[in-house]
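Descriptive structure summary
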Amino acid sequence: MKKQLANMRDSIATARTLNEALPYLQRYSGAIVVVKFGGNAMGDNEAMEEFAQDIVLMRQVGVNPVVVHGGGPMINSLLGKLGIKSEFVRGKRVTDAATVEVVEMVLSGLVNKRIVQAINDAGGRAVGISGKDDDLMVCDYDDPELGFVGRPRDMRVQVLRDMFNAGIIPVVAPVAPGDNGETFNVNGDTAAGAIAGALKADRLLLLTDVSGVKNAEGEVITQLTPEEVRELTEKGVIAGGMIPKTETALMAIEQGVRAVVILDGRIQNACLLELFTDHGAGSLIRSATVEPRVKPREE
C-alpha cells in the first residue's frame, strides 16, 4: 500500500510538472535553440546519455535544436599519443598543419559521431556535419600567429534549415574551410555563436563547467543586459575564461539571437530546466527591449 501511495505521489508530481511546463512548451514550439556542448560531460557516458535525451525531448515538443560541440581534452589526448608537441603564443595553442589534421579527425570523427549515436540511441534522428559541409561556416585566419585557427566570416545555414524540415537534429563539429583550401579549427563557443546568429535563433545555450556569470560576491546573476555585461567586464568582475563566453553572447545578440544563456552543463537536465521551468538554470543575457521569457506564441 505504501509503495502504491508513493507511486501515486510521484505520478501526481510528474503531471503537475508537465502542466506547469505548458506555457513554455507553447512558447518554444517552432523555436531554434543552438546548444554548445562540451566540458567534462563529453567524457562521461551517463552525462552524454542524459544530454542526448534532453535534446530528443526538445525536438519531440517542437523545438529545433542544433548541437555544436567542442572536444579539447580528446584532441590533447590524441596529440600526446602521436607525439605532436604544441607551441603556445600568449597562452594560446598554435594550430599548425599537423595539429589541424588531428583536430579534424577528433572533432568530425570521434566526438561528432559519439554525440550523433547517443542522440539516435535516445530515439532521435541526428546527423553529424562540420563547418565544411555545404560551406556552412567559411573562415578567415583569426590570428596568423596562431596558425589554422578560424574566425567565421560567411555563414550558409540553409543546410541546417533543410535538416529541421526533415526532422533531423544537426550535430556540428567546429571545423571549417577557408578560401584557399585551408582547414580551420574554430573555438566551439565562437562557432555556436556564429551559427545561432546566422539562424537568428531564439536561444543560444552555452553549457559550461561553472554555474553561470557571477557578481563581485560570487553569486550567480540570473539575468543581465549586454550593457551590464560590459560594465562587469570593465570592472574585472567578469574575468578569465568567462570573458570569451560573454563576448560570444554579445556577438550573438548583436546578430539577432533573442537571448543567450550561460549555464552549468553538470546540472541534471540543465537544458530542460532552462527552457521549460520558471527558474531556469544559469545566467540569461538579453537586451532590455526583448520580450519576457514566456509569452504567447503569436507574438
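Structure: see above.
Quick summary incoming for the structure in this document.

The rules we used
Residues numbered from 1 in each chain as written. Predicted model: local features only at pLDDT ≥ 70, side-chain atom pairs only at ≥ 80, totals over all residues. Heavy atoms only, no water. Axes fitted to C-alpha atoms, helices over the stretch in contact; angles between N-to-C directions. Helix = DSSP H or I, 4+ residues; strand = E, 2+ residues; numbered from the N terminus. Parallel < 35°, antiparallel > 145°, perpendicular 65-115°, else oblique. Left-handed = near helix turned anticlockwise from the far one by under 90°. Contact = heavy atoms within 4.5 Å. Nonpolar A, V, L, I, M, F, W, Y, C, P; charged D, E, K, R; others polar. Patch = residues over 30% accessible without salt bridge, like charges linked within 9 Å, V, L, I, M, F, W, Y side chains within 5 Å. Areas by Shrake-Rupley, 256 points an atom, 1.4 Å probe, with all protein chains shown as cover. Salt bridge = Lys/Arg side-chain N within 4 Å of Asp/Glu carboxyl O. Lys, Arg positive; Asp, Glu negative; His and termini not counted. Charge placed at Lys NZ, Arg CZ, Asp CG, Glu CD. Expected span 1.5 Å × (residues − 1). Buried < 20%, exposed > 50% of the residue type's maximum accessible area, 1.4 Å probe, protein only. Pairing = 2+ DSSP bridges. Core = buried A, V, L, I, M, F, W, Y, C linked by side-chain atoms within 4.5 Å.

**Considerations on the packing of helix H3 (residues 72-82) against helix H4 (residues 97-121)**
With their axes 9 Å apart at the nearest point, H3 and H4 run at an angle of 130 degrees to one another. Viewed along their axes, H3 and H4 adopt a mutual orientation that is oblique. Where H3 crosses over H4, the handedness of that crossing is right-handed. Contacts between H3 and H4 pair Met-74, Ile-75, Leu-78, Leu-79 and Leu-82 from the former with Thr-99, Val-102, Val-103, Met-105, Val-106, Leu-107 and Val-111 from the latter. A class-by-class count of the residues in the contact of H3 with H4 yields eleven nonpolar, one polar and no charged.

**Description of a negative patch on the surface**
Side chains of Asp-44, Glu-46, Glu-49 and Asp-121 sit close together on the surface and give a patch of like negative charge. Following the sequence through the fold, Asp-121 ends up in helix H4.

**A short note on helix H2 (residues 45-60)**
Its 16 residues place the ends of H2 22 Å apart at the C-alpha level, agreeing with the 22 Å of an ideal helix rising 1.5 Å per residue. Residues of H2 that are buried include every one of Met-48, Phe-51, Ala-52, Asp-54, Ile-55, Val-56 and Met-58, and no others. Where the residues of H2 are buried, they touch strand S1 (32-37), strand S2 (64-69), H4, strand S8 (169-173), strand S11 (203-208) and helix H9 (270-276).

**Describing the sheet that holds S11**
Two orientations exist for strands paired in a sheet by backbone hydrogen bonds: parallel and antiparallel. Read across the open sheet, the eight strands follow the order S5-S8-S2-S1-S11-S13-S14-S12; overall the sheet is mixed. The strands lining the two open edges of the sheet, one partner per strand, are strand S5 (126-130) and strand S12 (223-224). Note that S1 and S11 share four bridges and pair parallel. Residue pairing across strands places Lys-36 opposite Leu-206, the latter belonging to S11. The strands that helix H8 (residues 242-254) touches are S11, strand S13 (259-264) and strand S14 (282-285); relative to S13, the one it contacts most, it runs at about 155 degrees.

**Digging into the environment of Ala-31**
By the secondary structure assignment, Ala-31 is in the loop between helix H1 (2-28) and S1. Accessibility expressed as a relative area gives 3% for Ala-31, which makes it buried. Ala-31 sits 32 residues away from Val-63 along the chain, and the two C-alpha atoms are 5.3 Å apart.

**Observations regarding the nonpolar core**
Grouped together as the largest cluster of nonpolar side chains are 43 residues, with contacts concentrated most on Val-35, Met-58, Ile-119 and Phe-276. Examining the composition of this core, we find that nine residues originate from one element, H4, more than from any other. Apart from residues lying up to four places away in sequence, Met-58 is in contact with Val-33, Val-35, Val-63, Pro-65, Cys-271, Leu-272, Leu-275 and Phe-276. Grouped together as the second largest cluster of nonpolar side chains are 41 residues, Leu-160, Val-172, Leu-250 and Val-260 included.

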